[in-house]
Amino acid sequence: MKEQSRILTKIDSLAAYIDKIEHEKGELASAIKLTKQKILSLAIQGKLLPQDPNDEPAFVLLERIKAEHPESNKKASKTSDNSHYENLPQGWIECTLGNIGSWSSGATPSRSNKMYYTNGTVNWLKTGDLNDSYVDCISEKITDLALKECSVRLNPKDSVLIAMYGSTIGKIGILTTPSTTNQACCACITYSGIYNKFLFYLLMSQKEILQMKAEGGAQPNISKEKIVNFSILLPPTQEQVRIVQAIDTLFIILDGIVEDL
């Protein structure tokens, strides 16, 4: 009996120790999540890395985009509630998401028309496919006929996607293969000089703000109009690349800590 009692006491002690470790793991995981968000916040404000005065200024890039894509010249109102930037980092410029890429929401081909789905080969992405990372798996397909007759755009590889409806608002992804989307997704084909992964990290950093802009009752949504008019700070192309490289490096380190828990 004494031996059994000692064993039970030891088991209780180990269980308490395991509980403590699990609690500390949870706290560390939360701290790492907050650290990642802080890194993103500093990055999109131009505070993560020093600016290089030799970089081509972003206003030159934006003027070139406007010349190549006149439709991008639609700017947000100066009274935009997101236009609150005071001190621009050197070489950066304030613009809108609509200035840096071609945005399009998708559609759902009629389910009653079997010819739109049977033996389909064209990827058709829904918000459930978005994973805040690269999108490698798109289970549903539509046909070339649906692509031709319905209001869907075939977005190329590397397009950046954001969910606009319901509980998935703000979820994002980067296409690894061409795909159409349903109406709950908005896709951006970035213009030349805009690094798609910089846009990805920018949207990730602004997720909570975008979610707060959602309207509606049971099915809240953020409109495409609000997305394209969303005010951002745009760094030079070279700095976009450096920022992404720095974020990737830091996130790999942080993810390694989580994996070792």
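To start, this report covers the structure provided alongside it. (Residues numbered from 1 in each chain as written. Predicted model: local features only at pLDDT ≥ 70, side-chain atom pairs only at ≥ 80, totals over all residues. Heavy atoms only, no water.)

**A few points about the overall build of the protein**
For clarity, the cut-off: Working definition: helices are DSSP H or I runs of at least four residues, strands are E runs of at least two. Numbering for both runs from the N terminus. Any residue under 20% of the maximum accessible area for its type is buried, any over 50% is exposed, and the rest in between are partly exposed; the area is computed with a 1.4 Å probe on protein chains only. Throughout, the Shrake-Rupley method with a 1.4 Å probe supplies accessible areas, and for residues the shown protein chains are the sole cover considered.
Check the secondary structure of the protein and you find 7 helices and 10 strands. Here the protein holds 261 residues, and 41% of them are scored as buried. Approximately 14200 Å² of the protein is accessible, and the part contributed by carbon and sulfur atoms is 54%.

**Looking at the sheet that holds strand 6 (residues 160-163)**
Strands belonging to one sheet form pairs held by backbone hydrogen bonds; the direction of such a pair is parallel or antiparallel. Using the following cut-off: The criterion for strand pairing is that DSSP finds at least two bridges linking the strands in question. Only the stretch in contact is used when fitting a helix axis, every axis being a line fitted to C-alpha atoms; angles between N-to-C directions are given from 0 to 180 degrees. Only heavy atoms enter the contact rule, under which two residues are in contact if any of them lie within 4.5 Å.
The 5 strands lie next to each other as 2-9-6-7-4, forming an open sheet whose pairing is mixed. Each edge of the open sheet is held by one strand with a lone partner, namely strand 2 (101-105) and strand 4 (133-135). On average, adjacent strands in this sheet sit at an angle of 30° to one another, irrespective of strand direction. Sheet analysis places strand 4 next to strand 7 (residues 172-175), joined by 3 bridges and oriented parallel. Considered in strand 7, the bridge of Tyr134 is made with Ile174. Along the sheet, helix 4 (residues 196-205) contacts strand 2, strand 4, strand 6, strand 7 and strand 9 (185-190); its crossing angle with strand 7, the most-contacted strand, is approximately 170°.

**Regarding the pairing of strand 10 (residues 231-234)**
Residues of strand 10 alternate between two faces, with Ser231 and Leu233 on one and Ile232 and Leu234 on the opposite face, all of them buried. Strand direction decides the pairing type here: strand 1 (residues 93-96) and strand 10, joined by 4 bridges, are antiparallel. By the bridge assignment, Thr96 is partnered in strand 10 with Ser231.

**Observations concerning the packing of helix 4 against helix 7 (residues 237-259)**
As a reminder of what qualifies: To sort the angles, those under 35 degrees are grouped as roughly parallel, those over 145 as roughly antiparallel, those from 65 to 115 as roughly perpendicular, and the leftovers as oblique. With the far helix as reference, a near helix turned anticlockwise by less than a right angle produces a left-handed crossing, and one turned clockwise produces a right-handed crossing. Each residue receives one of three labels: charged for Asp, Glu, Lys and Arg, nonpolar for Ala, Val, Leu, Ile, Met, Phe, Trp, Tyr, Cys and Pro, and polar for the others, Gly being one of them.
Look at helix 4 against helix 7: their axes get within 9 Å of each other, and the N-to-C directions meet at 60°. Looking at the two axes, helix 4 sits oblique to helix 7. By crossing handedness, the relation of helix 4 to helix 7 is classed as left-handed. When helix 4 is examined against helix 7, the residues Lys197, Phe198 and Tyr201 are found in contact with a partner set consisting of Gln240, Ile243, Val244, Ile247, Asp248 and Phe251. In the contact of helix 4 with helix 7, the residues fall into 6 nonpolar, 1 polar and 2 charged.

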